[in-house]
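# An overview of the molecular structure
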Amino acid sequence: MPTSEDFTVKTLGECRFPSPLNFPEELYVSEHTRIRFAAEIPNEIGSDEELAFEKAGPRKNIFFDPNETKAAIVTCGGISPGLNDVIRSIVMQMYYKYGVKNLLGIRFGYKGLNPANWLEPIKLTPNDVERIHELGGTVLGSSRGHEAPEVMVDTLEKLHINVLFCIGGDGTLRGADVIWQEVERRGLPISIIGIPKTIDNDIGYVAKTFGFDTAVAEARHALQCAHVEAKGAQNGIGLVKVMGRDSGFIAAHATLANLDVNFTLIPEVAFDLHGKGGFLDALEQRIRKRHHAVIIVAEGAGQEFFQEDARKDASGNILHNDIGILLRDEIQTYFKTKNIPITLKYIDPSYIIRSVAANASDSIFCAHLGRYAVHAAMAGRTDMLVGRWHDEFTHVPIPITVSTRKKISTSSALWLSVLESTGQPVSLKSVGC
Ligand code: ATP
Ligand code: MG
């Protein structure tokens, strides 16, 4: 269990400069305002200390003198809808609200912080970012793979950067933490602020990450197509694979958004393919009864069916075997053996989903995240990310967030809704013949 110390956000020092924002008093967030971690009241009185996040927002006094501040933005890991919205928001907020005109974009992730890669940072002004929110991907480029923290901090020092905004997933945040440790070791007043990006929505202590809403909307579209295909053929089966390496949030939410899905397979819930009560048996029951079916599977589901050794990407992430292809082949073989004719259409929209521009809801969210990240940085916070909790924006220390991964609990209201919506058996584990 975390302690209140784990929720304590690091600061670079005393906030000596008055904020240039000129807001009325009530718009500033007091240094003492907290957002409760637990929504439920603990049932054992006195059993828990009250854990709470620092509330995000503008502070009346800030740590950095805007005239002397230089900030840089880096985007790492896989692309996700909304990256450009966050970049735009940070630049606009820094430039127009805090008067920080010295802004740099680091090219191609942490690689751009190693001079050996010959990737010169680019200057960012409002003119450069004005329309980028209309584009998918990241205008700065991204990458995977480790760079030495000493080299990256040398670059920050050489470029006189005071604030580094790191936009990315769990790996990027681990990288940001490592950069901070080197900054701290050297005793430098450099703020390292994370903005959590992952369409999988699996960052711990953060209710929602940007890109997720857009991913769900796009996945829903794929499910609609799969349903049309399934209904258009006798014994039609539409199979859709979506992202979700370790957590099935996209699959679960897309199921609830679409309502035509009959089976939702996620990494958190193990299932059997064969045997009575297993997935193929349950699918056969469904086909016999209704003559069509829609299945959604998250990429990390059913990995235990593969024999091969796990491969890794440049950042050390495990590359999963393709569960979509395996299911497609297993379903076809199963029904052939049973002499039941089916028409199966397999749709894998993964890269289409992540490369689109943010939808309206993500754009709003990203703009907020960018602004709150700037407030936090200017107030001298460091080694933290901007989170969302109980409908509020929060400061979350990076170490606590990378210590865990958010997953769907099978006892949650979300999973209950999925079971109710799909009508799939609570367990797809075989009971034996
Ligand atoms: P996503 O998984 O959503 O695509 P990510 O941020 O997790 O995004 P990664 O490729 O895992 O993507 O990591 C992004 C960057 O962070 C890479 O340059 C990687 O080398 C670096 N990184 C990852 N883990 C660490 C770590 N433990 N220490 C230092 N740097 C790390
Ligand atoms: Mg990751």
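Quick caveat, the model's predicted, so the values are computed rather than measured.

### Topic: the overall build of the protein chain
A tally of regular secondary structure across the protein chain gives 12 helices and 19 strands. Overall, the protein chain is about 75 × 60 × 40 Å in size when its C-alpha atoms are taken along their principal axes. Burial status across the protein chain gives 53% buried among its 433 residues. For the protein chain, restricting intrachain contacts to residue pairs at least 6 apart in sequence, the fraction spanning at least 24 positions comes to 78%. Distance from the positive charge centre (45 side chains) to the negative charge centre (52 side chains) of the protein chain: 5 Å.

### Things to note about the domain arrangement of the protein chain
The accessible area lost on association of the parts is a frequent measure of interface size. Domain boundaries assigned for the protein chain yield domain 1 (4–209 + 358–401) and domain 2 (213–355 + 410–422). The C-alpha centroid of domain 2 is placed 35 Å from the C-alpha centroid of domain 1. Taken residue by residue, the interface counts 18 residues in domain 1 and 17 residues in domain 2. Between domain 1 and domain 2 lies a buried interface of about 1,500 Å² when both sides are counted; carbon and sulfur atoms form 47% of it. Viewed at the interface, domain 2 and domain 1 are joined by 2 salt bridges.

### Focus: the UniProt feature "binding site: ATP" (unreviewed entry) in the protein chain
When the UniProt feature table is mapped onto this chain, "binding site: ATP" (unreviewed entry) is found at G78, R144, G145, G169, D170, G171 and T172. Spanning 95 residues, the named residues nonetheless gather at one spot, since no C-alpha pair among them exceeds 13.3 Å. Among the annotated residues just listed, those lining the largest pocket are G78, R144, G145, G169, D170, G171 and T172. Looking at the secondary structure, you find G145 in the loop between α2 (126–129) and α3 (149–158). Residue classification places G145 among the buried positions, given a relative accessible area of 16%. In contact with G145, not counting residues within four places along its chain, are A314 and S315. Among residues more than four places away in sequence, those in contact with T172 are C76, G77, Y110, C166 and I167.

### Things to note about the pattern of salt bridges
Evaluation of the coordinates by the stated rule reveals 27 salt bridges. The shortest N-O distance in the salt bridge between R59 and E54 comes to 3.8 Å. Take E54: its relative accessible area is 7%, and that puts it in the buried class. Each of the salt bridges in this network shares a partner with another, and the network as a whole consists of D154, E157, E182, R185 and R186.

### Let's talk about the site of ligand 1
Around ligand 1, a shell composed of 19 residues is seen, among which G78, R144, D170, T172 and S315 lie nearest. Between an oxygen atom of ligand 1 and a side-chain N or O atom of H146, the distance comes to 2.8 Å. In the model, an oxygen atom of ligand 1 is placed 2.7 Å from a nitrogen or oxygen of the D170 side chain. Burial of ligand 1 by the surrounding chains reaches 85%, relative to a free accessible area of 620 Å². Here ligand 1 is seated within the largest pocket.

### Things to note about the pairing of strand β6 (residues 70–75)
Looking down a regular strand, the side chains alternate between one sheet face and the other. Summarising burial for β6: 6 of the 6 residues are buried, a large majority. In β6, alternate side chains face the same way, and those of K70, A72 and V74 on one face and A71, I73 and T75 on the other are all buried. Of the crossover connections in this fold, the one passing from β6 over helix α1 (residues 83–97) to the parallel strand β7 (residues 102–105) is right-handed. One ladder, built from 5 bridges, connects β6 with strand β9 (residues 163–168); its direction is parallel. Among the inter-strand pairings, A71 is bridged to a residue of β9, identified as V163.

### What to know about the sheet that holds strand β11 (residues 236–242)
With parallel pairing, the 4 strands of this open sheet are ordered in space as β12-β13-β11-β16. The open sheet is flanked by β12 (263–265) and β16 (343–347), the only strands paired with a single partner. Pairwise comparison of adjacent strand axes, ignoring direction, gives a mean angle of 15° for this sheet. Sheet topology places β11 next to strand β13 (residues 292–298); 7 bridges connect them, and they run parallel. Each bridged residue has a counterpart across the sheet, and for I237 the counterpart in β13 is A293. Taken strand by strand, helix α6 (residues 249–258) contacts β11, β12 and β13, and its axis lies near 150° from that of β13.

Here is what the cut-offs are and how they apply
Residues numbered from 1 in each chain as written. Chains lettered and ligands numbered in written order. Predicted model: local features only at pLDDT ≥ 70, side-chain atom pairs only at ≥ 80, totals over all residues. Heavy atoms only, no water. Helix = DSSP H or I, 4+ residues; strand = E, 2+ residues; numbered from the N terminus. Buried < 20%, exposed > 50% of the residue type's maximum accessible area, 1.4 Å probe, protein only. Contact = heavy atoms within 4.5 Å. Lys, Arg positive; Asp, Glu negative; His and termini not counted. Charge placed at Lys NZ, Arg CZ, Asp CG, Glu CD. Domains from an automatic or database assignment. Buried area = accessible area lost by both parts, 1.4 Å probe. Salt bridge = Lys/Arg side-chain N within 4 Å of Asp/Glu carboxyl O. UniProt positions renumbered as here; feature names shortened; annotations may be inferred. 1 Å grid on protein atoms, 1.4 Å probe; cavity = no way out; pocket = protein on both sides within 12 Å on 5 of 7 lines; lining within 4 Å. Near = heavy atom within 4 Å. Polar contact = N/O pair within 3.5 Å; in protein donor to acceptor, adjacent residues only side chain to side chain. Areas by Shrake-Rupley, 256 points an atom, 1.4 Å probe, with all protein chains shown as cover. Sits in = over half its atoms within 2 Å of the grid points. Right-handed = clockwise from strand over helix to strand, strands pointing away. Pairing = 2+ DSSP bridges. Axes fitted to C-alpha atoms, helices over the stretch in contact; angles between N-to-C directions.

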